[in-house]
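Secondary and tertiary structure notes
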Amino acid sequence: MVLDRASATKASPTGRFAAFSFVDRITKIEGVTRVSGLYTIPPTVSLFPVSLVAEAIGQLAAWVAMSSVKFTHRPVAALAGDTRMHRMPKPGDMLELIVEIESCDADSIQYKGCALVDGQLVLELQDTLGSMLDIHAFDAPAALAADFEVLKTVGRAPGAFSGVPQPVLHDIPTDRANRLQATLAVPEHAAFFEDHFPSRPVYPATLLLYAQQQLAQRLAEVQARCSVRVCRITNVKVRAFTAPGASLVLSAELATPSEDDAEPILIKVGASADGRTIAGAKMFFAPDSGECA
Amino acid sequence: MAEAVISKEEIMAVFPTVQKTMADALGCDVDDIKLDVSLIEGLDAESIDFLDMVFRLERAFKIKVPRGKIIEDVRGDMSVADFEENGILTEKGLARLREYLSEIDASRFKTPMRVDHIARLYTPETFCKLVIRAQRASQAAG
């Protein structure tokens, strides 16, 4: 089924295939090995966390993965070994997305990818692995197959994403100078839940990562006594789904980078729900401009 | 064809790398990774950790380990019906599992044994043997 752009937009203006979808068009598919796509960050959004660039790369990989198993399974975020941020994207930028799939079957997908703006590297993902789960739990296979056709042909009308709210963190007192803790109240209702996922709303791991980055950045800036930027995130591991309305405890703890690490500041982050660790990562920061005073 | 026995020397040759890889995946000290510790009951490993460990071992040893490889190897040439019934290992299936996971103490094999509980038996030695089998398969394939 081929839809023109107007009817594709009319069919799903806000919820699924719009509120948290970051591929506008798939421009080239080379088997189950390499795929390219485009996504334009709506110029109207005030916030586009860099973790959503990783989401866009992951979603491009997901489309090909789902197609390769005839929409019986879909990948969900599990592991991201090494993510490097080269520059911050801004509203209005068109991301060129490239994914190289190393393996893909009904159990898992392994891939790497990157995003560029005007030929300049924005973000690289390496050693990424998604677990493939029964697609029926998340969305209707026929609807996804139809969306895939749209992406491969006319593409989706850009601009459907209306932004995400800044995560609200409430500090939890800690007596350790090298550690911060905060609660994150996952919203009960949000537009992105309609798209992530239509049959089972799940708090996106990339938004959780963004919230963790906020906490880690505060700790890094206290330690560095200057403005810092996140350069690299490694060892991302998502252990469990987070449902709407969940209350999470986030932690950020200063650690010592190894001799192989180029960045001077390492913060280990974690997230737990009801005492169980549900996600973790290592975040590397460097002074925003040269060296700190 | 019966599999060539995996010697202790072979296991100890790969163990240091397996040990470090597992410690990285589980976020624990290398010293916590004993050869015979239960990964789930002793080190709180979850299914995502097994995925992570296999992913890391593949890169560390430059091998390919298909997902579900251990269960697939245990079953070998047995039919699914001979191996399990409604998710419970048959007597023959359990005997095959004991043979395959010969490094595991006999007292840890419960009866009835659910297929989805087999991973509870895994130890670092199980993964050392997985690596060695993958290396052998790779060499055999040329």
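Please refer to the structure placed before this passage.
Residues numbered from 1 in each chain as written. Chains lettered and ligands numbered in written order. Predicted model: local features only at pLDDT ≥ 70, side-chain atom pairs only at ≥ 80, totals over all residues. Heavy atoms only, no water.

1. Digging into the environment of Gln19(B)
Residue and element names in this part refer to chain B. Convention followed: Here a helix means four or more residues in a row that DSSP labels H or I, a strand means two or more in a row labelled E, and each is numbered from the N terminus. We call two residues in contact whenever any of their non-hydrogen atoms come within 4.5 Å of each other.
Position of Gln19 relative to the elements: it lies in helix H1 (residues 8-26). In this structure the C-alpha to C-alpha distance between Gln19 and Tyr100, which are 81 residues apart in sequence, comes to 21 Å. The contacts of Gln19, once residues within four sequence positions are left out, are Val30 and Ile33.

2. Quick look at the pattern of salt bridges
Residue and element names in this part refer to chain A. Filter applied, for reference: By salt bridge we mean one thing: a side-chain nitrogen of Lys or Arg within 4 Å of a carboxyl oxygen of Asp or Glu. Each residue is assigned to one of three classes by its accessible area relative to the maximum for its type, calculated with a 1.4 Å probe on protein chains only: buried under 20%, partly exposed between the two thresholds, exposed over 50%.
Tallied over the full model, the rule gives 32 salt bridges over all chains. Among the ionic pairs, Glu149 bridges to Lys152, the shortest N-O distance being 3.2 Å. Of this pair, Glu149 and Lys152 both sit in helix H3 (residues 141-152), three residues apart, roughly one helical turn. Here Lys152 falls in the partly exposed class, since its relative accessible area comes to 36%.

3. Observations concerning the environment of Gly31(A)
On the secondary structure map, Gly31(A) appears in the loop between strand S1 (25-30) and strand S2 (34-40). Distance in space between the C-alpha atoms of Gly31(A) and Val228(A) is 41 Å, their sequence separation being 197 residues.

4. Topic: the interface of chain A and chain B
The following threshold applies: The term buried area refers to how much accessible surface (probe radius 1.4 Å) is lost by two components on association, counted for both of them together. Classification convention: Asp, Glu, Lys, Arg as charged; Ala, Val, Leu, Ile, Met, Phe, Trp, Tyr, Cys, Pro as nonpolar; all other residues, Gly among them, as polar.
Taken together, the contact between chain A and chain B spans 15 residues of the former and 13 residues of the latter. Here chain A packs against chain B, burying approximately 1,200 Å² in sum over the two surfaces, 48% of which is carbon and sulfur. Our count for the contact surface shared by chain A and chain B stands at six salt bridges. Note that Asp49(B) is salt-bridged to Arg239(A), the shortest N-O span being 2.8 Å. Within the residue set of the side of chain A that touches chain B, elements represented by two or more residues are strand S3 (73-85), strand S5 (108-117), strand S6 (120-134) and strand S9 (228-238) of chain A. Element by element, the count of residues in the side of chain A that touches chain B is highest for S6(A), at four residues. In terms of residue class, the side of chain A that touches chain B is made up of four nonpolar, six polar and five charged.

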